[in-house]
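Descriptive structure summary
Given next are the chains, with one letter for each unit.
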Amino acid sequence: MITAEQTIAYATATNDPLPEHLSGELAPPVFAIVPVWEVVVEAVMGAAPLDALALILHGEHDLRIHRPITPGMELRSAAAVTGVRPKASGTSVVVRTTTHDGDDLVNEQVITAFIRRWTGVASGDPAPSHDFDETLRIGPGTSVGARLDPDQTYRYSEAAGDPMPIHLDDGIARRAGLPGIIAHGLCTMAFASWAAITAVGGGDPRTLRRLAVRFSRPVLPGQAITHTFWPVSAGVAQFETVADSGAVVLRNGRAEFGDPLQ
């Protein structure tokens, strides 16, 4: 059961400025991950050994929206592994989720988890492509800036129900080879969602149909980020997100918009 308190907390935890999200009228788009986390973890662990859990990285995320999530919905989610792709450095596990409100399909998500130092057996299909068209860079883009707050990871962790310690404990993060606590990739994606709605969707969150990204570098609390959107066709843009360090933190971004969904 989705409550307005949940969706407002998620909007606040991702610095979302859109009034429909802050009022609880609609859930922010990337809130869609909250109801599916449990089944996603179960699906990945059904395809990989249990000790691989600590080696998992979130590689890519592709969200397709059929209906906005609204308070009062009773959501039912399912997840299944649809592809396994071994590489020299590890294995990508592709998971597809569906979320329904009764008989109505609310959203579909394709989540690519990369498991370091584990070699799986190739099977199934790769994730849908959303590769960046480099020729777009010759044209003008629209940029939206934001800054992550020093306490962003703690706020996001509580609102999203994601207690991964690399986002909360500096010592654990450093022992994992990171420069310190890092922001959740989905928090950065949530920032990109409201930026895309603002820059491409005319400020109307009901028009967003698809948002896809590749997580390429971590963002640190307190860092400034800039999302740049390049138009592909009517209602479609590709984008990248760059931190103030110069690192590209989201690659292969794609945002698609259409008529407002009800």
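Our subject is the structure listed above.
Residues numbered from 1 in each chain as written. Predicted model: local features only at pLDDT ≥ 70, side-chain atom pairs only at ≥ 80, totals over all residues. Heavy atoms only, no water.

The geometry of a pair of packed helices is captured by two quantities: the angle between their axes and the separation between those axes. As a packed pair, helix α1 (residues 4-13) and helix α4 (residues 152-160) sit with axes 9 Å apart at the nearest point and diverge in direction by 160°. Looking at the two axes, α1 sits roughly antiparallel to α4. Both α1 and α4 take part in a crossing whose hand is left-handed. Contacts between α1 and α4 pair Ala9, Tyr10, Thr12 and Ala13 from the former with Gln152, Arg155, Tyr156, Ala159 and Ala160 from the latter. (Axes fitted to C-alpha atoms, helices over the stretch in contact; angles between N-to-C directions. Helix = DSSP H or I, 4+ residues; strand = E, 2+ residues; numbered from the N terminus. Parallel < 35°, antiparallel > 145°, perpendicular 65-115°, else oblique. Left-handed = near helix turned anticlockwise from the far one by under 90°. Contact = heavy atoms within 4.5 Å.)

Mapping Val81 onto the fold places it in strand β2 (residues 75-86). Sequence-wise, Val81 and Val93 are 12 residues apart; in three dimensions their C-alpha atoms are separated by 7.0 Å. If we ignore the near neighbours within four places in the chain, the residues touching Val81 are Ala43, Val44, Ala47, Val93, Val94 and Val95.

Per the stated rule, a full pass over the model turns up 12 salt bridges. Across the salt bridge formed by Arg96 and Glu108, the nearest N and O atoms sit 2.3 Å from each other. With Arg96 in strand β3 (residues 90-101) and Glu108 in strand β4 (residues 104-116), this residue pair connects regions lying 12 residues apart in the sequence. A relative accessible area of 36% places Arg96 in the partly exposed class. Notably, a salt bridge pairs Asp170 with Arg174, separated by 2.8 Å at the nearest N-O pair. Highlighted residues: Asp170 and Arg174, both in helix α5 (residues 170-175), separated by 4 residues, approximately one helical turn. Counted as one network, the salt bridges with shared partners bring together Asp62, Arg210, Arg254 and Glu256. (Salt bridge = Lys/Arg side-chain N within 4 Å of Asp/Glu carboxyl O. Buried < 20%, exposed > 50% of the residue type's maximum accessible area, 1.4 Å probe, protein only.)

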